[in-house]
Structures are given as C-alpha cells and as structure tokens.
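Observations on the model geometry
As a plain string of letters, each chain reads:
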Amino acid sequence: MKSPFLKQARLWALLGLLSAVQAAYAQDEKPRLRYLELGLGITSHRLQDPAVSPMAYIGAPLAIELGFEKRKPHSISRLALAGDIGRLASKNATELRPMASSYFQIDLSYQYLRRLPPLSTGRFTWFLGGRYRWHNSIRLTPQNDTGFISFFIANSISVSVRGETAFQLFGRQVELGWTGALPLLSHVIRPSYLNVYNYLDPEHDWLKERLEASEVLTLNRFQGLQSRLELTYPIAGENQLRFAYDWGFYHYDGLRRVNAARHGFTVGIRIRM
C-alpha cells in the first residue's frame with residue numbers, strides 16, 4: 001500500500017511540471033499588441049457615373065486615416081475610419097463648363113483575420129478572415145441640374161486574406177504586409193436622378209424612397225477588390241511608422257451603374273498602447 005506522503009510528493013511533482021511547461025510556453029508566445037493609427041496622404045481617383053455624365057472624372061483628394069489594431073499570436077483585428085476630401089474634374093472641362101465636382105468619401109471598416117498554421121511554416125505568415133466595409137462617396141456638381149448631389153453607398157461583407165514577412169533594413173526589423181479583400185455580399189444605395197430633390201422638405205421622405213429602391217447584390221452584380229501594401233518601420237518607444245499603398249476598384253452593374261478606381265499613398269504613425 002502506497003503511503004500518503006508518496007502520493008502528495010507525486011502530486012506536487014506533477015503540479016511543478018505543469019507550471020514549468022506553462023511558463024516555457026508563455027515565454028515563447030508572442031505578446032498581445034495594440035496600436036492606435038493616424039495617417040495622412042494623397043489619392044488618385046477615377047470615377048464614371050453615366051447617369052450624370054458620360055465623361056470620366058479624375059482628381060487627387062487628400063486622404064486621412066484613423067485606426068485601431070489589435071494583434072494576438074494567432075489573430076489580427078483592425079477597426080479603421082478613412083476619409084478622402086478634394087475635387088474631381090473631367091479632362092474636357094472648359095471655363096464656360098467647368099465639369100468639376102467636390103468629392104467626399106468616408107469608409108468605416110472592421111477586419112478580423114486568423115493565422116493559417118499550415119501555410120505559415122516558411123518565410124511568410126498567412127491569415128484568412130472577413131471584412132465589413134461601409135463605403136460612402138458623395139459628389140456635389142453645381143452645373144448638373146438633376147445630378148447636383150450624386151452618391152454611392154455600399155455596405156459590403158468581404159472575404160479577406162493577408163500575408164506578412166520581416167527583414168532587416170538599416171539595422172531594424174521591418175515588416176512587409178499585403179492585405180486583399182473581395183466583396184461577396186453588398187447592399188447598395190444610389191440616387192434616382194429623376195428630378196431635383198428637395199432635401200429640406202419634411203413631406204418628402206427621400207431617404208425612405210432610396211432605401212426602398214436599394215439592392216442586395218452578390219459578386220456577379222457588384223465586383224470590387226481592395227488591396228493594401230504596407231511597410232512598417234519601428235521607431236522609439238515601441239511605436240512604428242507605416243508607409244501604405246492602397247489600390248481598389250468597384251463596378252456596380254445596375255440601372256444607374258458606376259465605375260470607380262482609387263490609388264492612395266499614406267504615411268502614418270502607429271502608437272503602442
């Protein structure tokens with residue numbers, strides 16, 4: 001018969017072994033990181049709205065970004081608010097007909113990605129997940145009677161993928177990452193262009209009218225792609241500088257179709273929290 005002392009000794013030895021394994025795992029595990037992001041840059045837009053004009057409108061609005069990113073050993077989540085403010089104009093503009101628009105774009109997005117261990121054994125680390133994006137673009141074109149206010153609103157659920165790698169640059173470990181997103185399901189709201197809206201008339205519920213005319217579309221009716229290439233460079237205080245290049249486009253295949261493309265270059269600071 002085993003003595004109680006021997007049983008207690010084995011129990012304490014087992015607890016000690018479990019504590020040592022847990023401590024070793026905690027040392028190998030990467031810490032959780034949180035960053036507050038602020039970026040500023042310039043963009044290049046090309047937009048065609050045939051219901052207003054057959055011409056393509058181009059311009060270079062300013063870009064502002066604000067975001068929050070949380071990184072765990074096996075996941076990344078990011079909440080971002082981005083805005084473009086500037087002017088778009090046609091190449092065929094004249095002094096008598098300026099063909100210019102004031103342009104405003106606001107995007108709110110949330111992305112969640114999980115690490116893919118089978119594909120992350122080499123130099124690159126890969127993540128897969130989803131993204132929600134609320135896109136709002138508004139153009140004010142005074143020379144157009146029925147299209148003075150033109151807008152495009154799209155709520156999209158996308159599949160998203162990200163790849164990352166690291167290398168040495170100027171004695172620091174720099175990270176290079178690419179993220180892509182493809183919308184699978186979208187809810188789109190467009191203007192009617194049938195008459196001049198009286199947005200101030202309480203008797204005219206134009207918002208209800210537009211919601212009733214909105215559409216829920218799949219990939220075959222609303223094609224789009226969002227791509228972002230990032231170079232992250234560490235600075236003092238565990239903060240980072242991030243240089244980003246964004247490229248995206250979408251094509252709405254509807255009664256009032258629209259085509260849009262965007263290039264963006266931003267420089268941002270990521271503050272460790």
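Residues numbered from 1 in each chain as written. Predicted model: local features only at pLDDT ≥ 70, side-chain atom pairs only at ≥ 80, totals over all residues. Heavy atoms only, no water.

If you tally the helices and strands in the protein, you get two helices and twelve strands. In the protein, the succession of helices and strands from N to C terminus is α-β-β-β-β-β-β-β-β-α-β-β-β-β. In the protein, which comprises 273 residues, the share counted as buried stands at 37%. In the protein, 64% of the contacts between residues at least 6 apart in sequence involve partners at least 24 apart. (Helix = DSSP H or I, 4+ residues; strand = E, 2+ residues; numbered from the N terminus. Buried < 20%, exposed > 50% of the residue type's maximum accessible area, 1.4 Å probe, protein only. Contact = heavy atoms within 4.5 Å.)

Right, let's get into unusual backbone geometry. Although it is not a glycine, F170 sits at a positive phi angle of roughly 55°. Considering the arrangement of structural elements, one finds F170 in the loop between β7 (149-169) and β8 (172-189). For E238, which is not a glycine, the phi torsion comes out positive at approximately 60°. Locating E238 in the fold gives a position in the loop between β10 (222-234) and β11 (240-252). What makes E238 exposed here is its relative accessible area of 53%.

Let us now look at the confidence of the model for the protein. The predicted model of the protein has a mean per-residue pLDDT of 85, with 79% of residues at 70 or higher. pLDDT under 50 marks residues 23-28. Its contacts with residues more than four places away, or in other chains, come to zero contacts. (pLDDT = per-residue confidence, 0-100.)

Among the secondary structure elements, G224 is positioned in strand β10. Residues G224 and Y250 lie 26 residues apart in sequence; the distance between their C-alpha atoms is 4.0 Å. Among residues more than four places away in sequence, those in contact with G224 are A181, L182, P183, F249 and Y250.

Here we come to the nonpolar core. One finds L47, F152, V188, F222, Y250, Y252 and V258 to be the most contacted residues of the largest nonpolar core, which totals 14 residues. When residues of this core are traced back to their parent elements, those giving at least two are β7, β11 and β12 (258-272). If near-sequence neighbours (up to four positions away) are discounted, V188 is found in contact with F152, I153, A154, S214, E215, L217, F222 and Y252. (Core = buried A, V, L, I, M, F, W, Y, C linked by side-chain atoms within 4.5 Å.)

Further remarks concern the packing of aromatic side chains. Under the definition given, this model contains seven aromatic pairs. Residues F152 and F222 carry aromatic rings whose centres are separated by 5.9 Å and whose planes lie at 25° to one another, so their mutual orientation is stacked. With F152 in strand β7 and F222 in strand β10, this pair connects stretches of sequence that are 70 residues apart. The two residues F152 and F222 agree in class, both being buried. (Phe/Tyr/Trp six-rings, centres within 6.5 Å; stacked < 30°, edge-to-face > 60°.)

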